[in-house]
Amino acid sequence: MTDPATPEFVDVLDELDVSLSRTTPESCADAVADAVTGEAVGVPLHDDLDLPEMVRTDPTNGDLESADTGVTPATFGIAETGSVYLKADRPGTEPISLYPYRHVAVLREADLVPDVPAAVDRVGPELRDGSSGIIATGPSATADMGELVVGAHGPGEVHVVLVEEASA
């Protein structure tokens, strides 16, 4: 069943030049494998979603530095901005999403919220209790020093694996 926020989220991802694949929980590992380029490091996904064996979930600093792709779970997505919220956590979601050139965010369709106020409502209590995270929107880009540079402060490519729930 498609979430009402999904069409807007998909359209905004396209505008941001973020690639997307849609999958089921059972096929998540295959979809992630298809989205990975080169060496990959990652953070374990939600309980019933698997990563392919090619993704190292215990990376050293050297592995993180040399990885081409970082794979992380997204806590939720914001339809109006095409953003994903990534928690700062012990397994290293933030650095794994930022250091490799390609970031693959795995997001459950059920975890889409329509807009920024809904996102603030969802994450506000955690932030007030001292948790932190990042709202990531598309590939990193800057024009601080003239021409547009992609990947200067984060990933140069972003891919979202949207996990759809099975139809009832």
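Criteria and thresholds
- Residues numbered from 1 in each chain as written.
- Predicted model: local features only at pLDDT ≥ 70, side-chain atom pairs only at ≥ 80, totals over all residues.
- Heavy atoms only, no water.
- pLDDT = per-residue confidence, 0-100.
- Helix = DSSP H or I, 4+ residues; strand = E, 2+ residues; numbered from the N terminus.
- Expected span 1.5 Å × (residues − 1).
- Bend = angle between axes of the 7 residues up to and from the residue.
- Buried < 20%, exposed > 50% of the residue type's maximum accessible area, 1.4 Å probe, protein only.
- Contact = heavy atoms within 4.5 Å.
- Polar contact = N/O pair within 3.5 Å; in protein donor to acceptor, adjacent residues only side chain to side chain.
- Pairing = 2+ DSSP bridges.
- Axes fitted to C-alpha atoms, helices over the stretch in contact; angles between N-to-C directions.

When pLDDT is averaged across the protein chain, the result is 91; 93% of the residues are at 70 or more. Across the protein chain, element-level confidence peaks in helix α2 (residues 28-35) with a mean pLDDT of 98 and bottoms out in strand β11 (residues 149-150) with 69.

The next subject is helix α5 (residues 116-128). For α5, which comprises 13 residues, the first-to-last C-alpha distance of 17 Å matches the rise-based estimate of 18 Å (1.5 Å per residue) to within 8%. At Arg122, α5 shows its maximal bend, which comes to roughly 40°, and the proline Pro125 appears one to four places after that position. Of all the positions in α5, only Ala119, Val123 and Gly124 are classed as buried. Contact partners of the buried residues in α5: β5 (76-78), β6 (83-87) and β8 (112-113). Structurally, the start of α5 carries an N-cap: the backbone nitrogen of Ala118 is 3.0 Å from a side-chain oxygen of Asp115. Among the residues trailing α5, Gly130 stands out with phi positive, at a value near 100°.

Okay, the sheet that holds strand β1 (residues 19-23) next. As summarised here, the arrangement of the six strands in space is β1-β12-β7-β4-β2-β3, forming an open sheet in which the pairing is parallel. One side of each edge strand has no neighbouring strand; the edge strands of this open sheet are β1 and β3 (55-56). Bridge count for β1 against strand β12 (residues 157-163) is five bridges, and the pairing is parallel. Across the sheet, residue Thr23 finds its bridge partner in β12, namely Val163. Relative to the sheet, helix α1 (residues 6-15) contacts β1, β7 (102-108) and β12, its axis offset from that of β1 by approximately 145°. Seen against the sheet, α2 touches β1, β4 (69-73), β7 and β12 and runs at an angle of roughly 165° to β12.

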